[in-house]
Amino acid sequence: MQAVVFEAPGKINIKDIPEPQAGKEDILVKVKAAGLCGTDLHVYKGDFIASYPIVPGHEFSGEIISAGADVEGFKPGDRVCVDPCVYCGKCDFCKSDRENFCRDFRAYGLHFNGGFEELVSVSYRNAYQIGSLSFEEGAMIEPLSCAIHGIKRIGLRAGDEVLIFGCGPIGLMLMQVCKKSGASRVIMADVSRKKLETAERLGAGAALLNNGGFEAGLKKLFPFGADVVIDATGIPQVVQNMSAHVKDAGKLLFFGVCPPDSRISINPYEVYKRELTIYGTFSLLHDFPSAIKLLQSGSIDVRSLASHQFSLSEFMQGFNLMLEHGDFLKILIKP
Ligand SMILES: [Zn+2]
Ligand SMILES: [Zn+2]
């Protein structure tokens, strides 16, 4: 069967590999849609936890082809998405409800073969029924779960005003989750007019072009700053400037993945005097059921976020779009 293989950092092959063997607790899934994500870029560059060679792709959905003898609750023909995170269940973090810091944290697409292949074998414990959701929506449940985890982290309060930098798929998911969690207004900022249009269509309170007149425009909307400022760009300079736009006693959420060796400067006196709180957010934590319910109820639109689709053999076209920072939202691979 055909698969995308990251042989080692910097080395990609699209080739035939043997079909995976499924164990007693595994289901064999015919992958129907798999999302490309910034994390795949980090795995390609070798600056993220992963083992090689690996079939990447940790955001995927598909149809069950076969189920092992000990699988419960799933059968061939079921439409599923997969939580890629594999926890040991034994360590101190697993036993204190913080599995995303499991001391033996592993994931499909990082340590076990992921979604950029025709057939993938996963434990049934990681699978979720998607019912009538499309496979494209199914592939976006993982990133939506990460967005939900981030918003849970900050404890958003009803009425909060939010400013989000970055209108990529994650920024647009965060915006919708904020609105569903009670934000009174979510203002979006980006350098792409096209992405800002999508933000407005999906319900942004305002969409601001992050260029010359940006600061003045923002001051008009938030004379005293926003209650919550979120970075969904992963650009260190943007992160450094977040505190200029947050209210006293406000919250900053660092969601975007900055380069591992980047540095920003923060004024500790300002954090003290203004009682600012800075939150990090890593991966997800039991958020798949919430994400699925939000999609099934039609509360959140991820369909508008799928901008490109490629087959496995066209994988490099999609990957190059990401490498070159082209104008795209979610790129889906359809094996
Ligand atoms: Zn991802
Ligand atoms: Zn653990």
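The shown structure was predicted, so the numbers you read here are calculated from the model rather than taken from an experiment. (Residues numbered from 1 in each chain as written. Chains lettered and ligands numbered in written order. Predicted model: local features only at pLDDT ≥ 70, side-chain atom pairs only at ≥ 80, totals over all residues. Heavy atoms only, no water.)

Turning our eyes to something else, we now look at the sheet that holds strand β13 (residues 226-231). Taken in spatial order, the 6 strands line up as β12-β11-β10-β13-β14-β15 in an open sheet, and their pairing is parallel. At either margin of the open sheet sits one strand with a lone partner, and together these are β12 (206-209) and β15 (277-280). Here the average twist between neighbouring strands, direction ignored, is 20°. Pairing of strand β11 (residues 185-190) with β12 involves 4 bridges; the strand directions are parallel. Residue pairing across strands places A189 opposite L208, the latter belonging to β12. Seen against the sheet, helix α3 (residues 141-154) touches β13, β14 (246-254) and β15 and runs at an angle of roughly 150° to β14. (Pairing = 2+ DSSP bridges. Helix = DSSP H or I, 4+ residues; strand = E, 2+ residues; numbered from the N terminus. Axes fitted to C-alpha atoms, helices over the stretch in contact; angles between N-to-C directions. Contact = heavy atoms within 4.5 Å.)

For the zinc ion (ligand 1), the protein coordination sphere consists of C37 (SG), H58 (NE2) and E59 (OE), at 2.1 to 2.4 Å. Donor residues for the zinc ion (ligand 1), ordered by position in the chain, follow C-x20-H-E. Remark: E59 occurs in the loop between α1 (38-45) and β4 (60-67) and C37 occurs in the loop between β3 (26-35) and α1; sequence separation between them is 22 residues. Pair check on accessibility: C37 and E59 agree, each one buried. (Donors = N, O, S within 2.8 Å, 3.2 Å for Na, K, Ca; no water. Buried < 20%, exposed > 50% of the residue type's maximum accessible area, 1.4 Å probe, protein only.)

Moving on to the packing of α3 against helix α9 (residues 288-296). The N-to-C vectors of α3 and α9 enclose an angle of 110°; their axes lie 8 Å apart at closest approach. By the angle between their directions, the pair α3 and α9 is classed as roughly perpendicular. For the pair α3 and α9, contact is made by I141, E142, L144, S145, I148 and K152 and by F288, S290, A291, I292, L294 and L295, respectively. Taken together, the residues of the contact of α3 with α9 sort by class into 8 nonpolar, 2 polar and 2 charged. (Parallel < 35°, antiparallel > 145°, perpendicular 65-115°, else oblique. Nonpolar A, V, L, I, M, F, W, Y, C, P; charged D, E, K, R; others polar.)

The next point concerns the pattern of salt bridges. One pass over the structure, following the stated rule, counts 14 salt bridges. The shortest N-O distance in the salt bridge between E25 and R125 comes to 3.1 Å. Placement of E25 in the loop between β2 (11-16) and β3 and of R125 in the loop between β8 (119-123) and β9 (127-129) is noted, with a sequence separation of 100 residues between them. Judged by its relative accessible area of 32%, E25 falls in the partly exposed class. Look at R125 and you get exposed, because its relative accessible area is 53%. Its salt-bridge partner being R274, residue E270 comes within 2.7 Å of it at the nearest N-O pair. E270 gets classed as partly exposed once you look at its relative accessible area, which sits at 21%. Note on R274: relative accessible area 18%, which makes it buried. Taken together, the salt bridges that share partners define one network made up of D248, E270 and R274. (Salt bridge = Lys/Arg side-chain N within 4 Å of Asp/Glu carboxyl O.)

Segmenting the chain into domains produces domain 1 (2-140 + 302-333) and domain 2 (153-280). Facing the 11 residues of domain 1 at the interface are 14 residues of domain 2. In this assembly, domain 1 packs against domain 2 so that about 990 Å² is buried in total across both faces, 66% of it on carbon and sulfur atoms. Counting the surface domain 1 buries against domain 2, the share from its top three residues, L305, D327 and L329, is 49%. At the junction of domain 1 with domain 2, the criterion picks out 0 salt bridges. On the surface where domain 1 and domain 2 come into contact, there are 0 residue pairs in polar contact (both at pLDDT 80 or more). Each residue belonging to the side of domain 1 that touches domain 2 can be placed in one class, and the counts come to 5 nonpolar, 2 polar and 4 charged. (Domains from an automatic or database assignment. Buried area = accessible area lost by both parts, 1.4 Å probe. Polar contact = N/O pair within 3.5 Å; in protein donor to acceptor, adjacent residues only side chain to side chain.)

A word on the coordination of the zinc ion (ligand 2). Think of it this way: four donors in a tetrahedron around the metal ideally sit 109.5 degrees apart, and six in an octahedron ideally sit 90 or 180 degrees apart. In the first shell of the zinc ion (ligand 2), the protein supplies C88 (SG), C91 (SG), C94 (SG) and C102 (SG), at 2.3 to 2.4 Å from the metal. Given 4 donor atoms and angles of 101 to 119° at the metal, the environment of the zinc ion (ligand 2) is assigned as tetrahedral. Motif for the zinc ion (ligand 2), donor spacing along one chain: C-x2-C-x2-C-x7-C. Pair noted here: C88 is in the loop between β6 (85-86) and β7 (106-107) and C102 is in the loop between β6 and β7, with a separation of 14 residues, a long-range link. Overall, the relative accessible area of 27% leaves C88 in the partly exposed class. C102 gets classed as buried once you look at its relative accessible area, which sits at 5%. (Tetrahedral: all angles 85-135°; square planar, octahedral: opposite > 155°, others 65-115°.)

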